[in-house]
Amino acid sequence: MVERAKSKASFRLVILKGRAYVERYKKPPQTRDLFTLWGFLQLLRRYPGKVPDLDLIFDCFDYPLVEKKDHLLVAPPPLFRYCGDDDTFDILFRDWSFWGWPEINIKPWESLLKDLDQGNKRTKWIGRDPYAYWKGNPFVAKHRKDLLKCNVSNTKDWNARLYVQDWIRETQQGFKESHLANQCTHRYKIYIEGFEGSAWSVSEKYILACDSVTLMVKPDYYDFFTRGLMPVHHYWPVRMDGKCRSIKFAVDWGNNHKQKAQRIGRAGSRFIQEDLKMDHVYDYMFHLLNGYSKLLKYKPVVPRNAIEICSETMACNSEGIAKRFMKESIVKGPADFRPCTMPPPYDPQTLNSILERKMNSIKQVEKRENEFFGEHKF
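Residues numbered from 1 in each chain as written. Predicted model: local features only at pLDDT ≥ 70, side-chain atom pairs only at ≥ 80, totals over all residues. Heavy atoms only, no water.

Caption draft 1: Focus on the overall build of the protein chain. Helices and strands together make up the secondary structure of the protein chain, namely 11 helices and 11 strands. Here the protein chain has a C-alpha radius of gyration of 22 Å; the compact-globule value for 378 residues is 21 Å, and the two agree. Along the first, second and third principal axes, the C-alpha set of the protein chain runs to 65 × 50 × 40 Å. Burial status across the protein chain gives 52% buried among its 378 residues. Looking at the protein chain alone, contacts between residues at least 24 apart form 73% of all its contacts between residues at least 6 apart. Carbon and sulfur atoms make up 52% of the accessible area of the protein chain, which amounts to about 18900 Å² in all. (Helix = DSSP H or I, 4+ residues; strand = E, 2+ residues; numbered from the N terminus. Rg over C-alpha atoms; globule rule 2.2 N^0.38 Å. Buried < 20%, exposed > 50% of the residue type's maximum accessible area, 1.4 Å probe, protein only. Contact = heavy atoms within 4.5 Å. Areas by Shrake-Rupley, 256 points an atom, 1.4 Å probe, with all protein chains shown as cover.)

Laid out in structure tokens, this is it:
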């Protein structure tokens, strides 16, 4: 099963007695593979001797590939990646950007969380621009191009302020105008998936961390933490079809119910600041890899074409911002505490109750939206 995942993968990682070996297959975009592997190495430094021997295959591209419809009669290959959906079997891992994203000068997560917290304090929610904000690349997906139709014009104001990110200019200027902590200036921020609806967007956690009400355009994909979010508690759901009307209603509702809107913004931000701190990211990795290793029915061996990797040589061989981010995010030494205790899984009744609650919350918002536009012509 593991071997069958190779054709879809970026690399194979084998961990034996606390040492890591990697066999590379195809080069992913930017430094995704480098910082994904860096995260594994930091886990080994954090919990030395506690990460079991394992053999796994990882793909660093966006879209999940192990489709359920293709594995009705044959077991699916265990393929790790950053996101998944209800139609695939890919195993969810954390994304590379928790240790930094050098290409767009986004800091490692631990440092960035502090910056975002400071950014939140600079402008209180009530003093922020009372509109929905989005800045990004609209040309990677049709639904993002559609989003631009919601921008303010001479004839209509959908309560949205949308901006196209000029990546070429930002790259030349070192992303001085793209500091995430400086973008917490609107009461509402829009999250919408990227790349032709084939994957989630890394921007999700940055948007949620802003104390603004996150207007989440109906996603098809999820990463390892977003299924823990509750609509109308952590974020406000927005329809994919008719997104302009949904955005206008959300902003009008929030501006007329300021205390409730602030609570939603704070709940989403608190989820990111507390539940998604690096301690929990590492513990998620630890428990997932432990669970995975127990399923292996063979003793892992080092692949013929694999090379050993370690934090020191990886950092020494890197340059510029990548090297700086590695130095900043390196685990200084073993943790003086054990990983958190994994709670038991939900029983089917409890899980169904949570899923039903989510669905009902979204239906309630859509019902109120329909009533709003039934009363107001726009």
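Caption draft 2: Inspection of the sheet that holds strand S2 (residues 19-24) at higher detail. Spatial strand order, S5-S4-S3-S1-S2-S11: 6 strands in an open sheet with mixed pairing. Every interior strand has two partners, whereas the edge strands, strand S5 (91-92) and strand S11 (307-309), have only one. Along the sheet, helix H1 (residues 32-46) makes contact with strand S1 (11-16), S2, strand S3 (54-58) and S11, crossing S1 at roughly 10°. Against the sheet, helix H8 (residues 278-293) touches S3, strand S4 (79-81) and S5, its axis set at about 110° to S3. (Pairing = 2+ DSSP bridges. Axes fitted to C-alpha atoms, helices over the stretch in contact; angles between N-to-C directions.)

Caption draft 3: Region of interest: the packing of helix H6 (residues 243-256) against helix H7 (residues 258-275). Interhelical geometry of H6 versus H7 gives an angle of 115° and a closest axis separation of 5 Å. Taken together, the axis directions place H6 and H7 in an arrangement best described as roughly perpendicular. Across the interface between the two elements, Trp253, Gly254, Asn255 and Asn256 from H6 touch Lys258, Lys260, Ala261 and Ile264 from H7. Class assignment of the residues belonging to the contact of H6 with H7 gives a composition of 3 nonpolar, 3 polar and 2 charged. (Parallel < 35°, antiparallel > 145°, perpendicular 65-115°, else oblique. Nonpolar A, V, L, I, M, F, W, Y, C, P; charged D, E, K, R; others polar.)

Caption draft 4: Broad picture of the sheet that holds strand S8 (residues 186-191). In space, the 5 strands of this open sheet follow the order S7-S6-S8-S9-S10, with parallel pairing throughout. Whereas interior strands pair on both sides, the edge strands pair on one side only; in this sheet they are strand S7 (160-164) and strand S10 (236-238). Averaged over all pairs of adjacent strands, the angle between their axes in this sheet comes to 25°, without regard to strand direction. As defined by bridge partners, S8 adjoins strand S9 (residues 213-217) across 4 bridges and the pair is classed as parallel. Residue pairing across strands places Ile190 opposite Leu215, the latter belonging to S9.

Caption draft 5: Summary view of unusual backbone geometry. For Gln30, which is not glycine, the phi torsion reads 55° and is therefore positive. Residue position: Gln30 is located in the loop between S2 and H1. What makes Gln30 partly exposed here is its relative accessible area of 37%. One non-glycine residue, Asn105, lies in the positive phi region at around 55°. Here Asn105 shows up in the loop between S5 and helix H2 (109-122). Owing to a relative accessible area of 24%, Asn105 belongs among the partly exposed residues under this scheme.

Caption draft 6: Quick peek at the packing of aromatic side chains. What the rule picks out here adds up to 26 aromatic pairs. Residues Trp99 and Tyr282 carry aromatic rings whose centres are separated by 5.9 Å and whose planes lie at 65° to one another, so their mutual orientation is edge-to-face. Of the two residues, Trp99 is situated in the loop between S5 and H2 and Tyr282 in helix H8; the sequence distance between them amounts to 183 residues. Taking relative accessible area as the criterion, Trp99 reaches 0% and is therefore assigned buried. Clustering of aromatic rings is evident, with ring pairs tying together Phe11, Phe40, Phe58, Phe80, Tyr82, Phe93, Trp96, Trp101, Trp200 and Tyr292. A cation over an aromatic ring shows up here: Lys205 above the ring of Phe98, its NZ or CZ 4.6 Å from the ring centre. (Phe/Tyr/Trp six-rings, centres within 6.5 Å; stacked < 30°, edge-to-face > 60°. Lys NZ or Arg CZ within 6 Å of the ring centre and 35° of its normal.)

Caption draft 7: Inspection of the environment of Ser111 at higher detail. Within the secondary structure, Ser111 sits in helix H2. Between the alpha carbons of Ser111 and Phe40 there is a distance of 19 Å; along the sequence they are 71 residues apart.

Caption draft 8: Here's a closer look at the pairing of S1. Counting buried positions along S1 yields 6 of 6 residues, so the element is predominantly enclosed. Counted along the chain from S1 to the antiparallel partner S2, the turn is 2 residues long, and its residue Lys17 has a positive phi close to 50°.

Caption draft 9: Representation of H2 within the structure. A rise of 1.5 Å per residue sets the reference length of H2, with its 14 residues, at 20 Å; its end C-alpha atoms lie 20 Å apart and thus fit the reference within 8%. Within H2, the full set of buried residues consists of Trp109, Leu112, Leu113, Leu116, Gly119 and Asn120. Mapping the buried residues of H2 onto a view down its axis gives an arc of 120°, with all of them on the same face. Relative to its buried face, H2 has exposed residues pointing more than 90 degrees away, namely Glu110, Lys114 and Arg122. Contacts made by the buried residues of H2 are with helix H5 (203-208), H7 and H8. (Expected span 1.5 Å × (residues − 1). Arc of directions from axis to C-beta.)

Caption draft 10: Region of interest: the pattern of salt bridges. Across all of its chains, the model carries 23 salt bridges by this definition. Taking the shortest distance from any N to any O, the salt bridge between Arg12 and Glu3 comes out at 3.0 Å. Judged by relative accessible area, which is 47%, Glu3 ranks as partly exposed. Among the ionic pairs, Lys142 bridges to Asp146, the shortest N-O distance being 3.4 Å. Note that Lys142 and Asp146 are positioned in helix H3 (residues 142-148) at a spacing of 4 residues, about one turn of the helix. A single network of salt bridges, built from pairs that share partners, joins Glu3, Lys6, Arg12 and Asp55. (Salt bridge = Lys/Arg side-chain N within 4 Å of Asp/Glu carboxyl O.)

All quantities given are derived from atomic positions and should not be read as evidence of function.
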